[in-house]
Amino acid sequence: MVLTKDDDVRIAHSRDASGLEMLPDSVARASSSDDVMTVVQDAIATGTPVTPAGSQTSMTGASITDRGTLLSLSAMKRIIDIDPMQRIARVEPGLTIGDLNRVLAETGLHFAPDPTSENDATIGGAVACNASGARTLRHGPTRAHVVGLEVVHADGVKSRYTRPGLEKNTVGYAIGQDPVDWFIGSEGTLGIVVGADLRLTPLPLQPVGLAIPFDTTSSALAFVVSARQQLDDGTGRQPRCLEYFDHHALDIAGRASSRPWPGAEAMVYVEDDAGHGTLDDVLDEWLALAERHEALAADIRVYDGAQALRDARVMRHAVPAEMNERGDKFRVNGGRKVSTDWAVPYRLLGDALDASAAACRTFGAPEPVTYGHAGNGHPHQNFIAEDASALRKIYDAVEDTLNRVIALGGTVSAEHGLGKLKRDWLMLQVPPRQVEAMRALKHSLDPRGLLSPGNIL
């Protein structure tokens, strides 16, 4: 274990994908759970806060701090065991999802949650914010795939928790029945995850992707509703993702793939598994649904085979990557990228996007680039603030949008967590009594408030 106050090392750990910058007092780089225990025990003795971090891809500032020690877990990246029969992998938190899945491919299995940045996102980070991705539409978020955790608590003691695996249990409050769930989505505030047992899923037999362009946003969203309904009803095709691109995102995706979609106002990217039918049958069914919703059928593109699907993923990832680059240019002026993470019931996504557009007009905010998980009612809206004044307008528009999202039965954050950027929006959604229950759990597990100060609460 290395603990340093070297300026270059501290600066190297002072930024994540949120656009915020916070300089830690020191950086500790752990290579084992014993190292983590030592850091926490030393922190107790000195009253020093500790914020764990992996590859620092957080969109909310959860993996940076300006208080105490930044504890890097990125060197803890071993695959301890893979049990293909039980479909369980035991891994360390610094392992990236991409590296895990490349190893698992040889067994015909994979870890299904798929954040867009899977080659950078770590297992520990995915657990910390209950990460999800495009294929969460079928497979669910990280929580559904974690069967056990090894955690270093705020008193420096390490514990292992395993899900009970019971179909029935009436012992005590629900919150106490499965402590694994305490730590998933807790953003490092309740304990430091140093190991995870993950449930694995068989790889699809013959995945295929389709990029389906539309000349109106309403047609694209109506297509999403129909496709999602098939998944819910168990009728027709069973997509594993339904990703939306507005015209701004579509422009970026088209340039990234060197193949623009002229005349398209929006696009929906679909992935399906043709393993239980012929590829022609799968394509015919999707084409029929697309044509019923007035898609630009002549411009539909098919991604068949591993390389083509990787190309599609690169195309999708080009949108947030370019927006990050744009935002970085304006840091010097007090600006940056602002990324939202709200979600509504999928049938109401069009209403929520209309509310966002109205809020932007009201507050003079720039039009966002909108893309993402429409099948879950969960888009990402990326704004670029060129200076501090524009940043304020964007935040006013976003907060107004969030109030409307909540009125539609939605959430202020669907997969990125709250971190430091979004913690003030917790009270927009969660009643005071629930917040107090959260504070009680935090106090019980971290009475001195040393773990990840400033995240969530």
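Being a predicted model, the structure only gives us computed values, none of them experimental.

Draft legend 1. A look at the sheet that holds strand 4 (residues 69–72). An order of 1-2-4-3 is seen for the four strands of this open sheet, with the pairing classed as mixed. The sheet terminates laterally at strand 1 (2–4) and strand 3 (50–53), the two strands that pair on one side only. Averaged over neighbouring strand pairs, the angle between their axes works out to 20° when direction is ignored. With four bridges joining them, strand 2 (residues 26–29) and strand 4 adopt parallel strand pairing. Across the sheet, residue Val 27 finds its bridge partner in strand 4, namely Leu 70.

Draft legend 2. Representation of the environment of Leu 70 in the model. Residue position: Leu 70 is located in strand 4. Taking C-alpha positions, Leu 70 is 6.0 Å from Pro 24, a pair spaced 46 residues apart along the chain. Beyond its immediate chain neighbours, meaning those up to four positions away, Leu 70 contacts His 13, Pro 24, Ser 26, Val 27, Ala 28, Thr 51, Ala 53, Gln 56, Ser 63, Ile 64 and Thr 65.

Draft legend 3. Broad picture of empty space enclosed by the protein. Under the defined criterion, the tally for this structure stands at two cavities of 30 Å³ or more. Counting only elements with at least two residues in the lining of the largest cavity, the list comes to strand 13 (241–245), strand 14 (266–273) and helix 10 (306–328). Class assignment of the residues belonging to the lining of the largest cavity gives a composition of five nonpolar, one polar and six charged. One number sums up the size of the second largest cavity: a volume of about 60 Å³. Lining the second largest cavity are Arg 336, Val 338, Ser 339, Thr 340, Tyr 395, Val 398, Leu 421, Lys 422 and Trp 425.

Draft legend 4. A look at the packing of aromatic side chains. Counted by the stated rule, this structure contains seven aromatic pairs. Between Tyr 161 and Phe 183, the aromatic rings sit 5.5 Å apart at their centres with planes inclined by 35°, giving tilted as the arrangement. Taken together, the positions of Tyr 161 in strand 9 (residues 158–162) and Phe 183 in helix 6 (residues 180–183) put the pair 22 residues apart, joining distant regions of the chain. Take Tyr 161: its relative accessible area is 17%, and that puts it in the buried class.

Draft legend 5. Quick look at the pairing of strand 2. Pairing of strand 1 with strand 2, which is carried by three bridges, proceeds in the antiparallel orientation. Considered in strand 2, the bridge of Thr 4 is made with Val 27.

Draft legend 6. Unusual backbone geometry, seen in detail. At Asn 130, a position not held by glycine, the phi torsion is positive, near 50°. Its place among the elements puts Asn 130 in the loop between helix 4 (123–129) and helix 5 (136–139). Given a relative accessible area of 15%, Asn 130 falls into the buried group.

Draft legend 7. Region of the structure containing the packing of helix 8 (residues 247–256) against helix 10. Helix 10 packs onto helix 8 with a crossing angle of 110° between their chain directions and a minimal axis gap of 8 Å. On the basis of their axis angle, the class for helix 8 and helix 10 is roughly perpendicular. Counted together, Ala 249, Ile 252, Ala 253, Arg 255 and Ala 256 of helix 8 and Met 315, Ala 318, Val 319, Glu 322, Met 323 and Arg 326 of helix 10 form the full contact between these two elements. When its residues are assigned to classes, the contact of helix 8 with helix 10 shows eight nonpolar, no polar and three charged.

Draft legend 8. Here's a closer look at a negative patch on the surface. Together, Asp 215, Glu 265, Glu 294 and Glu 367 give the surface a local cluster of negative charge. Positionally, Glu 265 belongs in the loop between helix 8 and strand 14.

Draft legend 9. Fine view of the environment of Leu 231. Looking at the secondary structure, you find Leu 231 in helix 7 (residues 217–233). Judged by relative accessible area, Leu 231 falls into the buried class, the value being 17%. Excluding anything up to four places from it in sequence, Leu 231 contacts Leu 137, Arg 237, Gln 238 and Pro 239.

Draft legend 10. Quick look at the nonpolar core. Counting residues in hydrophobic clusters, the biggest one holds 56 residues, and the most contacted among them are Ile 212, Phe 223, Val 268, Trp 286 and Trp 342. Looking at this core, the elements with two or more residues in it are strand 12 (207–214), helix 7, strand 13, strand 14, helix 9 (279–292), helix 11 (349–363), strand 18 (378–385) and helix 12 (388–407). The biggest single contributor to this core is helix 12, with eight residues. If sequence neighbours within four positions are ignored, Trp 286 has contacts with Leu 210, Phe 223, Ala 227, Gln 230, Arg 237, Pro 239, Val 270 and Asp 272. Counting residues in hydrophobic clusters, the runner-up holds 25 residues, among them Ala 89, Leu 95, Leu 104 and Ala 131.

Draft legend 11. Layout of the sheet that holds strand 13. Strand order in the open sheet formed by seven strands is 15-12-14-13-17-18-16, with antiparallel pairing between adjacent strands. With partners counted over all chains shown, the strands left at the sheet margins are strand 15 (301–304) and strand 16 (336–339), one partner each. Looking at each pair of strands side by side, their axes are set apart by 15° on average, direction ignored. Bridge count for strand 13 against strand 14 is five bridges, and the pairing is antiparallel. What sits directly across from Leu 242, in strand 14, is Val 270. Sheet contacts for helix 8: strand 13, strand 14 and strand 17 (369–373); angle to strand 17, the most-contacted strand, approximately 80°. Sitting on the sheet, helix 11 is in contact with strand 13, strand 17 and strand 18, with an inclination near 15° to strand 18.

Draft legend 12. Fine view of the packing of helix 7 against helix 9. Axis separation between helix 7 and helix 9 bottoms out at 9 Å; the angle between their running directions is 140°. What the angle tells us is that helix 7 and helix 9 run oblique. Crossing geometry of helix 7 relative to helix 9 is assigned as right-handed. Here helix 7 contributes Phe 223, Ser 226, Ala 227 and Gln 230 to the contact with helix 9, which in turn contributes Trp 286, Leu 289 and Ala 290. Here the contact of helix 7 with helix 9 is built from residues that sort into five nonpolar, two polar and no charged.

Rules used throughout
Residues numbered from 1 in each chain as written. Predicted model: local features only at pLDDT ≥ 70, side-chain atom pairs only at ≥ 80, totals over all residues. Heavy atoms only, no water. Pairing = 2+ DSSP bridges. Helix = DSSP H or I, 4+ residues; strand = E, 2+ residues; numbered from the N terminus. Axes fitted to C-alpha atoms, helices over the stretch in contact; angles between N-to-C directions. Contact = heavy atoms within 4.5 Å. 1 Å grid on protein atoms, 1.4 Å probe; cavity = no way out; pocket = protein on both sides within 12 Å on 5 of 7 lines; lining within 4 Å. Points joined across faces, edges and corners; volume = space filled by probe spheres on them. Nonpolar A, V, L, I, M, F, W, Y, C, P; charged D, E, K, R; others polar. Phe/Tyr/Trp six-rings, centres within 6.5 Å; stacked < 30°, edge-to-face > 60°. Buried < 20%, exposed > 50% of the residue type's maximum accessible area, 1.4 Å probe, protein only. Parallel < 35°, antiparallel > 145°, perpendicular 65-115°, else oblique. Patch = residues over 30% accessible without salt bridge, like charges linked within 9 Å, V, L, I, M, F, W, Y side chains within 5 Å. Areas by Shrake-Rupley, 256 points an atom, 1.4 Å probe, with all protein chains shown as cover. Salt bridge = Lys/Arg side-chain N within 4 Å of Asp/Glu carboxyl O. Lys, Arg positive; Asp, Glu negative; His and termini not counted. Charge placed at Lys NZ, Arg CZ, Asp CG, Glu CD. Core = buried A, V, L, I, M, F, W, Y, C linked by side-chain atoms within 4.5 Å. Left-handed = near helix turned anticlockwise from the far one by under 90°.

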